[in-house]
Amino acid sequence: MSGLRLFVHGIGVVSPAGWGLGGFREVWDGQRSLVAVPLPHPDGRPRAVFRVPPPAVRPPWALHPRMRRASAISQFALGAALEALGDGDSPRAHPGLAILMGVMGGGVNYSQRFFGEVLAQPATASPMLFP
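Residues numbered from 1 in each chain as written. Predicted model: local features only at pLDDT ≥ 70, side-chain atom pairs only at ≥ 80, totals over all residues. Heavy atoms only, no water.

### Details of the overall build of the protein chain
As a reminder of what qualifies: Here a helix means four or more residues in a row that DSSP labels H or I, a strand means two or more in a row labelled E, and each is numbered from the N terminus. Contacts were defined at the residue level, with two residues in contact if any of their heavy atoms lie within 4.5 Å. Reported accessibility uses the Shrake-Rupley method at a 1.4 Å probe radius. Residues are deemed covered only where the shown protein chains occlude them.
Of the regular secondary structure elements, the protein chain holds four helices and four strands. Counted from the first residue to the last, the protein chain has its helices and strands arranged as β-β-α-β-β-α-α-α. Within the protein chain, contacts between residues at least 6 apart in sequence are counted, and of these 36% link residues at least 24 apart. With the model as given, the accessible surface of the protein chain reaches about 10500 Å², and the carbon-plus-sulfur share is 61%.

And the structure:
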């Protein structure tokens, strides 16, 4: 590992503050605030969430068939990565470039189901739900 070098070219952000580092910094610095939206929940009590708004202008990469079918998290990741590369850049402008991303979300659906069972009937809740 002694010859391994890492270079950080830029920063890209997609968050409930919007698409881009500027919106994120406005919220971080207290220049504007986010508004929570109620999300229905199976138990009848809505949850307050902060949604990522759609981009102000649809980026050209979003028209690619693979990106149209990609999950929201994949679209957010590509949007943030291309922002970090610089305005107007695309992955094809950087041959040999690798973009590394780490995301941790866990087994959300399985966790929700398991803890729902725990609350409804603790004696029969089974951790075997987790694959």
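### Some remarks on the environment of Trp-28
Selection criterion: Burial status follows relative accessibility: with a 1.4 Å probe on protein chains alone, a residue under 20% of its type maximum counts as buried, one over 50% as exposed, and anything between as partly exposed.
Positionally, Trp-28 belongs in helix H1 (residues 21-28). A relative accessible area of 68% means that Trp-28 is categorised as exposed. The sequence separation of Trp-28 and Ala-17 amounts to eleven residues, and the corresponding C-alpha distance is 9.2 Å.

### Digging into the nonpolar core
One broad trend across soluble globular proteins is that nonpolar side chains are buried collectively. Note the cut-off: Residues belong to a common nonpolar core when they are buried Ala, Val, Leu, Ile, Met, Phe, Trp, Tyr or Cys residues joined through side-chain atoms within 4.5 Å.
In terms of nonpolar packing, the biggest core is built from six residues, these being Trp-61, Ala-62, Met-67, Leu-78, Leu-82 and Leu-85. The biggest single contributor to this core is helix H3 (residues 72-85), with three residues.

### A few points about the pattern of salt bridges
For clarity, the threshold we go by: Criterion for a salt bridge: a side-chain nitrogen of Lys or Arg within 4 Å of a carboxyl oxygen of Asp or Glu.
Scanning all chains against the criterion turns up three salt bridges. For the salt bridge of Arg-45 with Asp-43, the shortest nitrogen-to-oxygen distance reads 3.2 Å. A relative accessible area of 37% means that Asp-43 is categorised as partly exposed. Arg-47 is paired through a salt bridge with Asp-43; the nearest N and O atoms lie 3.0 Å apart. Connected through salt bridges with shared partners, the residues Asp-43, Arg-45 and Arg-47 form a single ionic network.

### What to know about the environment of Ala-36
Residue position: Ala-36 is located in the loop between H1 and strand S3 (37-39). Owing to a relative accessible area of 35%, Ala-36 belongs among the partly exposed residues under this scheme. For Ala-36 and Ala-48, which are twelve residues apart along the polypeptide, the C-alpha to C-alpha distance reads 5.5 Å. Beyond its immediate stretch of four places on either side in the chain, Ala-36 contacts Ala-48, Val-49 and Phe-50.

### Description of H3
Using the following cut-off: Helix span is expected to be 1.5 Å times the residue number reduced by one.
End to end, H3 covers 20 Å across 14 residues, agreeing with the expected 20 Å (1.5 Å per residue, within 8%). Buried residues of H3: Ala-77, Leu-78, Gly-79, Ala-80, Ala-81, Leu-82, Ala-84 and Leu-85, and no others. Residues of H3 that are buried in the fold lie against strand S1 (14-15), strand S2 (18-19) and helix H2 (65-69). In the stretch just after H3, Gly-86 is the one whose phi turns positive, near 125 degrees.

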